[in-house]
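Structural description and commentary
If you want the building blocks of each chain, they are given just below.
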Amino acid sequence: MVDIRHAGQQAKERLSDALSSGALYTLLFASIIALFGSTYTMIISPIIVIFRTKRNVAFSTSLLGRILITLPFLNILSYLATLNILCCIALNIIVPFLLVVIQSNQFDQKAYFGYVMAFVFLELIPHSPDEFLIQLASTVYATVVLVVVLYFTRWYKGRSRDPERELDESLGHLAELLDRLADGESPALLSQEFLKLEKTFDRLCFSSRKLFQEPNRTTLKYYLYATLFQRAIYLLSDPAWRSGREHDVDLSVFHHVAAMVRQVRAASTPAECAAVHRMLKMILSMVDLPEGRTRIFFHSVLHTLMLITSQAPERRRHLPWRVAPLRDIAANFIHHLDSDSFEFRFATRLSVVLVITCSMSMLWGANHVYWVPLNAFLLLMPSYEESTHRMRTRPLGTAIGCIVVFAASHIIHDPLAVYCFCMVMILLVYACTPGSWVQAIFATSFALMMTSLTIDETTAMALRLFYVLMAVGIVLVINYLVLPSKREKIFECNKRQLNGIIKAYWGFVERSVTEHVELRISGEMLSAYHLVYDEAIAYVRAIDDEEVRDYEESRLVTRWHMFSELEQIEYLVQAGELDDEDLALIRHIALTLKDRTMPMSRSYLPGKLIPQIHSEDLRYALEHYMANRIKLK
């Protein structure tokens, strides 16, 4: 009964999505033909893609401004790409690559799709300068319609984001979980809920990062809250603590922590925040817990709460937008130019495919040859497996679509009837699963019926099938030869990235000993680490061989524990409670480990220095870090 209700709800949502997308397509199609002409409708498909990706999610009004600027600008670039072959090659290398690197990430792999589609589709049919101005006008018109519809949808559905509510509710959830922990509920079960909260803020951290924008106060709070939940997981994930071997502390202490979390949540004015800040500082100086993870957790959580209350409360929904320094923009962009990163590997393949197919379309000049880059773009997906799937379903759906059109063309002759048939096909396209063979049937039926108004349908069918097969061949070769991204290769890249983030974090620790470092840097590394880790662990848990699965999972979990210990080490440095000798020692250890993160034994130099450290908490974290690292030899 539940499954039937769930299936019914999914069908209802899919129908609503298809009807709204089909209605917008019909509106744009009819109005653009009436205002500008039938040759200026290529912008409609990208507009619908952007609409479908944004209509059911919360977004800020600044996104609408960016859409208004971006789509006409991409139209200009697409026109420049049609001027000559050199412009075609250069812009098809640069524009898709930048759009993927800037907009996509492993949380949202297809964020690039609508914008790259706009650039590619608008360059498929070259225009004279006068025709280009008409095309640009139609793009501006369609973009304005999209922005108005999205704004209305946002208002109607109440999808606007309220960052303060997200932060406030998460503190309430944290306090509730801490009370349940104090009451003796299973740490293993609670750790999953803490992990879910932390992943939510990892995603918020990652999605709030903008190449050209400095983090605002709410973004910095996202980093703080992600760190807060990470420190709870650090405690609950430890096997020794779970088994009770380190339960030498009365669990009622977590009730006190929960009470302080509620105090922080309730503070709404600068005076109240200052009062809570003083209370937290007093508790830290008065409460003395024995060495172990509980003490590190207690101190680190209260320190994080102090950082939260040290910020003047920000209750405005519309936060200030500030351009990031050029140096930070460059560093952020260079960070993405890593051959192990998803963005770089896919952006490179996409650029190569578009250079080949768009150049072919420009130089060949055959009838409807632009179907080659169009199909190649739709076949090439970030996931190798999804791309392979589409290379099977697209030709099959195209062949069946040709049969459908062959039958329909003997019945439908009037141009108005053809347009009505095409609008029905579009509605069915949006009702289908993207990339499925069924969707390809309706997409082919739409394209061929529209083409039949200008050329013989038999010729159109032969060309369509031929160009689809050609696109499949090109994408197949590029996927195989250019930075192939099968899941096995991505997993190996992910492991290298995890090691690289640990190495970079040691560099961050070394810097923080001698200079002030921004909190957002550690927050960005924290969210990036968990993003890559989640993808790696998902792959491992799908491995069929039990022995290999257990081996790889244990090594990934060990890396996760290493990063957790390292994050606690950084906290201890930032807290300002280490003496000069300990700071000198940790800096020496960090300098060594940032160049070599793979110590093989306790006789390695950092292992020899650990007994000399005065701080029990720092020594505890370092010993556990080294013990975990030895497991990976």
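Structure shown above.
As the structure is a prediction and not an experimental result, all values here were calculated from the model.

Moving on: helix H20 (residues 457-481). Between its terminal C-alpha atoms H20 stretches 36 Å, which fits the 36 Å expected from 25 residues at 1.5 Å a residue. Within H20, burial applies to Ala460, Met461, Leu463, Arg464, Tyr467, Val468, Ala471, Val472, Ile474, Val475, Ile478 and Asn479. Those residues of H20 hidden inside the fold are in contact with helix H15 (342-364), helix H16 (371-379), helix H17 (384-408) and helix H19 (437-451). Between a side-chain oxygen at the N-terminus of H20 and the backbone nitrogen of Thr458 the separation is 3.1 Å; the capping residue is Asp456. Just downstream of H20, Leu483 is the residue with a positive phi angle, here 40 degrees.

The next thing to look at is a negative patch on the surface. Among the surface-exposed residues, Asp544, Asp545, Glu546, Glu547 and Asp550 lie close enough to one another that they form a single negatively charged patch. The exposed category is assigned to Asp544, whose relative accessible area is 75%.

Take the packing of helix H23 (residues 546-574) against helix H26 (residues 616-631) next. Running from N to C, H23 and H26 cross one another at 160 degrees; their axes reach a closest spacing of 9 Å. As the angle between them shows, H23 and H26 are arranged roughly antiparallel. Note that H23 runs across H26; the crossing there is left-handed. Residues Arg555, Thr558, His561, Met562, Glu565, Ile569 and Leu572 of H23 pack against Asp617, Leu618, Ala621, Leu622, His624, Tyr625, Asn628, Arg629 and Lys631 of H26. Among the residues making up the contact of H23 with H26, the classes are represented as seven nonpolar, four polar and five charged.

In the structure shown here, the tally under the stated rule is 19 aromatic pairs. When the ring of Tyr25 is compared with that of Phe29, the centres are 6.1 Å apart and the planes differ by 20 degrees; the resulting orientation is stacked. Of the two residues, Tyr25 and Phe29 both sit in helix H1 (residues 2-35), four residues apart, roughly one turn of that helix. In this structure Tyr25 comes out as buried when scored by relative accessible area, which is 4%. The class for Phe29 is buried, based on a relative accessible area of 8%. When the centroid spacing of 5.2 Å and the interplanar angle of 55 degrees are considered together, the rings of Tyr112 and Phe346 count as tilted. Remark: Phe346 occurs in helix H15 and Tyr112 occurs in the loop between helix H4 (85-103) and helix H5 (113-123); sequence separation between them is 234 residues. Owing to a relative accessible area of 0%, Tyr112 belongs among the buried residues under this scheme. Judged by relative accessible area, which is 1%, Phe346 ranks as buried.

One finds Tyr25, Ile67, Leu71, Leu74, Tyr112, Leu350 and Phe377 to be the most contacted residues of the largest nonpolar core, which totals 95 residues. For this core, the element with the highest residue contribution is H20, accounting for 10 residues. Discounting residues that sit within four places of it in the chain, Leu350 has contacts with Pro96, Val100, Tyr112, Val116, Phe377 and Leu380. Core analysis: the next-biggest nonpolar cluster, separate from the first, contains 89 residues, Ala232, Leu531, Leu556 and Tyr571 among them.

Parameters at a glance
Here the residue numbers are simple positions, counted from 1 along each chain's written sequence. Thresholds applied to this predicted model are a pLDDT of at least 70 for local features of residues and 80 or more for the giving and counting of side-chain atom pairs; totals over whole chains, interfaces and linings are not thresholded and use all residues. The side-chain figures draw on all heavy atoms in the structure; neither hydrogens nor water molecules are used. Secondary structure counts use DSSP, requiring at least four H or I residues in a row for a helix and at least two E residues in a row for a strand, with both numbered from the N terminus. A helix's residues, less one, multiplied by 1.5 Å, set its expected span. For every residue, the accessible area (1.4 Å probe, protein chains only) is compared with the maximum for its type, and the residue is labelled buried under 20%, exposed over 50%, or partly exposed between those bounds. We call two residues in contact whenever any of their non-hydrogen atoms come within 4.5 Å of each other. The definition of a polar contact used here is a pair of N or O atoms within 3.5 Å, where within protein one atom must be able to donate a hydrogen and the other to accept one, and adjacent residues in sequence count solely through side-chain atom pairs. Patch membership is restricted to residues that have no salt bridge and whose relative accessible area is over 30%. Joining uses 9 Å for like charges and 5 Å for the nonpolar side chains Val, Leu, Ile, Met, Phe, Trp and Tyr. Here the Shrake-Rupley method, with its probe set to 1.4 Å, supplies the accessible areas, and only the displayed protein chains count as covering residues. Throughout this description, the term salt bridge denotes a Lys or Arg side-chain nitrogen within 4 Å of a carboxyl oxygen of Asp or Glu. Positive charges come from Lys and Arg alone, negative charges from Asp and Glu alone, with His and the N- and C-terminal ends not counted. The atom standing in for a charge is NZ when the residue is Lys, CZ when it is Arg, CG when it is Asp and CD when it is Glu. Every angle, taken between N-to-C directions, lies between 0 and 180 degrees, and every axis is a line fitted to C-alpha atoms, over only the stretch in contact when it is a helix. Roughly parallel here means an angle under 35 degrees, roughly antiparallel means over 145, roughly perpendicular means 65 to 115, and every remaining angle is called oblique. Handedness of each helix crossing follows the sense of rotation of the near helix against the far helix: counterclockwise by less than a right angle gives left-handed, clockwise gives right-handed. Side-chain classes follow a simple rule in which Ala, Val, Leu, Ile, Met, Phe, Trp, Tyr, Cys and Pro form the nonpolar group, Asp, Glu, Lys and Arg form the charged group, and the remainder, Gly included, forms the polar group. The aromatic pairing rule takes the rings of Phe, Tyr and Trp, using the six-membered ring of Trp, and pairs them if the centres are within 6.5 Å, calling planes under 30 degrees apart stacked, those over 60 edge-to-face and the rest tilted. Throughout, nonpolar core names a set of buried Ala, Val, Leu, Ile, Met, Phe, Trp, Tyr and Cys residues whose side chains join them through atoms within 4.5 Å.

The quantities given are spatial measurements derived from coordinates; they are silent on function.
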